[in-house]
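A closer look at the structure
Listed below, chain by chain, are the residues.
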Amino acid sequence: MGNGKTIGIIAALVGAAAASALFMYTNSSDQPQAKDDLLGPAPAGKPAPAGGKGIIAGTLEPSLTYERQNDAYVFTFTVKNQTERVQTVTFTSSKKYDYVLYRDGQKMKQFSEGKMFAQIYEERPLKQGEELSFQETFRDLEPGTYTLEWWLADPNWPNARAKATFTVE
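Residues numbered from 1 in each chain as written. Predicted model: local features only at pLDDT ≥ 70, side-chain atom pairs only at ≥ 80, totals over all residues. Heavy atoms only, no water.

**As for unusual backbone geometry**
Filter applied, for reference: The helix count covers DSSP runs of H or I at least four residues long, the strand count covers runs of E at least two residues long, and both are numbered beginning at the N terminus. Only protein chains enter the accessibility calculation, which uses a 1.4 Å probe; a residue is then buried when its area is under 20% of its type maximum, exposed when over 50%, and partly exposed in between.
Even without a glycine there, the phi angle at asparagine 70 is positive, about 60°. Relative to the helices and strands, asparagine 70 resides in the loop between strand 2 (60–69) and strand 3 (72–81). For asparagine 70, a relative accessible area of 72% gives the class exposed. Positive phi, close to 50°, is recorded for aspartate 140, a residue that is not glycine. As for its position among the elements, aspartate 140 is in the loop between strand 8 (131–139) and strand 9 (144–152). For aspartate 140, a relative accessible area of 61% translates into the label exposed.

Written out as structure tokens, the structure reads:
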């Protein structure tokens, strides 16, 4: 192989390495932030200013409610966009949420435990005031005091979690 070809190959490799390093530098972030489809990333830890139209908080507001239906308890976990911007919820797998159910302080069940999830990337934009809800039913619970902790499986929204305590007699 001649010197010209060797130099050309080395130059191509150096160029590719430099482009790769530049790509990683410009796309890295110390702290993941929720994306805003209209105006760029939401400021980390700072709520959006409150305005009219019933939007009062500055984040995704979580809630956990339940309804007793005979021997079953039906839980609904909801996150509502309480900002004045479109916010994006990002799922990196088919796991959209996780929860842990405790009875009298002892862990009884975790949704994700022992499961495998498909590696599917999904972005779900939530408009102002829009909700994203998930539901699970628990049957044949033994008597005791239960606590259910439920959270969104998006690390960009670490505070999108809720807890409910209930008693089965």
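**Remarks on the environment of leucine 148**
Convention followed: Throughout, a contact is declared for two residues whenever any of their heavy atoms are within 4.5 Å.
In this fold, leucine 148 is placed in strand 9. Exposure remark for leucine 148: the relative accessible area of 0% places this residue in the buried category. Placed 48 residues apart in sequence, leucine 148 and valine 100 show a C-alpha to C-alpha distance of 5.8 Å. What leucine 148 contacts, discounting residues up to four positions off in sequence, is Leu64, Phe75, Tyr99, Val100, Leu101, Phe138, Ala162, Lys163 and Ala164.

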